Amino acid sequence: MNDTIALLLQHRSIRKFTADPLAPEQVGHIIAAAQHASTSSNMQAYSVIGVTDEAVKRQLAALAGNQGYIVECPLFLVWCADLYRYAQAAGRHTDTPVTGNAENLIVATVDTALAAQNAAIAAESMGLGIVYIGGIRNQPDEVSALLKLPELVYPVFGMCVGVPDQEPLSRPRLPEQAVYHSQAYNTEGQAEAIDAYDQTIAQYMRERTRGKIATSWSKEMAAKAARPREHMRAFLQKMGFGLE
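Residues numbered from 1 in each chain as written. Predicted model: local features only at pLDDT ≥ 70, side-chain atom pairs only at ≥ 80, totals over all residues. Heavy atoms only, no water.

## A closer look at the overall build of the protein chain
Thought 1: For the protein chain, the count of helices and strands is 11 helices and 4 strands.
Thought 2: In terms of overall dimensions, the protein chain is globule-like: its C-alpha atoms have a radius of gyration of 20 Å, near the 18 Å expected for 244 residues.
Thought 3: Each principal axis of the C-alpha distribution contributes one length, and for the protein chain these read about 55 × 45 × 40 Å.
Thought 4: Contacts spanning at least 24 positions in sequence make up 78% of the contacts within the protein chain whose residues lie at least 6 apart.
Thought 5: Positive and negative side-chain charges of the protein chain, numbering 21 and 25 respectively, have mean locations separated by a distance of 7 Å. (Helix = DSSP H or I, 4+ residues; strand = E, 2+ residues; numbered from the N terminus. Rg over C-alpha atoms; globule rule 2.2 N^0.38 Å. Contact = heavy atoms within 4.5 Å. Lys, Arg positive; Asp, Glu negative; His and termini not counted. Charge placed at Lys NZ, Arg CZ, Asp CG, Glu CD.)

## Considerations on the pattern of salt bridges
For side chains of opposite charge, pairing can occur when their charged atoms come near one another.
Thought 1: Tallied over the full model, the rule gives 4 salt bridges.
Thought 2: Close ionic contact of R12 with E167 constitutes a salt bridge, the shortest N to O distance being 2.9 Å. Residue R12 is found in the loop between helix 1 (3-9) and helix 2 (24-35), and its partner E167 is found in the loop between strand 4 (153-162) and helix 8 (176-179); the two are separated by 155 residues along the sequence.
Thought 3: The class of R12 is partly exposed, set by a relative accessible area of 25%. (Salt bridge = Lys/Arg side-chain N within 4 Å of Asp/Glu carboxyl O. Buried < 20%, exposed > 50% of the residue type's maximum accessible area, 1.4 Å probe, protein only.)

## Section: the packing of aromatic side chains
Thought 1: Tallying each qualifying case throughout the model produces 3 aromatic pairs.
Thought 2: Judged by centre distance (5.6 Å) and plane angle (90 degrees), the ring pair of Y154 and F241 falls under edge-to-face. Note that Y154 is positioned in strand 4 and F241 in the segment after helix 11 (231-238), a separation of 87 residues in sequence. Residue Y154 shares its accessibility class with F241, and that shared class is buried.
Thought 3: Consider the rings of Y197 and W217, whose centres lie 5.5 Å apart with planes at 65 degrees: the pair is edge-to-face. Residue Y197 is found in helix 9 (residues 190-208), and its partner W217 is found in helix 10 (residues 217-225); the two are separated by 20 residues along the sequence.
Thought 4: With a relative accessible area of 22%, W217 lands in the partly exposed category. (Phe/Tyr/Trp six-rings, centres within 6.5 Å; stacked < 30°, edge-to-face > 60°.)

## Quick look at a positive patch on the surface
Thought 1: Taken together, the side chains of R15, R171, R173 and R208 make up a positively charged region of the molecular surface.
Thought 2: Relative to the elements of secondary structure, R15 occurs in the loop between helix 1 and helix 2. (Patch = residues over 30% accessible without salt bridge, like charges linked within 9 Å, V, L, I, M, F, W, Y side chains within 5 Å. Areas by Shrake-Rupley, 256 points an atom, 1.4 Å probe, with all protein chains shown as cover.)

## Focus: the state of the cysteines
Thought 1: Scanning the entire structure with this criterion turns up 0 disulfides.
Thought 2: In this structure C160 is not part of a disulfide, and its nearest cysteine sulfur, from C73, lies 3.8 Å away.
Thought 3: Overall, the relative accessible area of 0% leaves C160 in the buried class. (Disulfide = S-S within 2.5 Å.)

## Structural notes on the UniProt feature "domain: Nitroreductase" (unreviewed entry) in the protein chain
Thought 1: Here the UniProt-annotated "domain: Nitroreductase" (unreviewed entry) positions come out as residues 9-162.
Thought 2: The straight-line gap between the two end C-alpha atoms of residues 9-162 is 19 Å; of that span, 43% is helix and 19% is strand. (UniProt positions renumbered as here; feature names shortened; annotations may be inferred.)

## Quick notes on the sheet that holds strand 3 (residues 129-133)
Thought 1: The 4 strands are arranged 1-2-4-3 in an open sheet whose pairing can be described as antiparallel. Both edges of this open sheet fall to strand 1 (46-51) and strand 3, since each of them pairs with a single strand only. Between one strand axis and the next, the sheet turns through 25 degrees on average, direction left out of account.
Thought 2: Pairing of strand 3 with strand 4, which is carried by 5 bridges, proceeds in the antiparallel orientation. Directly across from I133, in strand 4, lies its bridge partner G158. (Pairing = 2+ DSSP bridges. Axes fitted to C-alpha atoms, helices over the stretch in contact; angles between N-to-C directions.)

Printed below as a string of structure tokens:
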């Protein structure tokens, strides 16, 4: 165990923030850390939009499902998969299109996630808290219009950043044997791992909600499966990603 691993293992999603603004140096460190994340073939196929204007944050909060902590946090980052810049660069030397294939969409999305996680770790190393906001994809057309996203750019998720004003419990993770496979994927033991994790999450939820909720992980996953964001395919096509 070292300080870096200890920091990673202490991660918690923060949904309540103080009013303290971030210093420009802090924002600079967060973005610099993001830019030093691994990236496929040096494409750096992402962009991030920092939002501090309260009126804009209120609109984003409403579009993301009325998540009030978007307004409360001093800095809201919208992480975007970005093939626009890649197309502009490649277009100087070739007529080959950069869209129309799943690979570039995957690369841009993965690049975005890697950069964002570097940013999250950097923020937490400075005593700040973060929470990812997948709800930014609830109404992607409206979010894109608000943030003036060009073709070939889509919002992957948001991230609240600020000084924590709460001490939430750390959410337990799946047992290691459920996610780590030696040499090849092993389906044996998955049912037992899910059973064990269901019990762990039920206890966690009882503690977190003071007995009001005791749902299990598998029930949460079933509920999530019933709420697919099916509009994303049509939206990505509209933004020029060429999925068929």
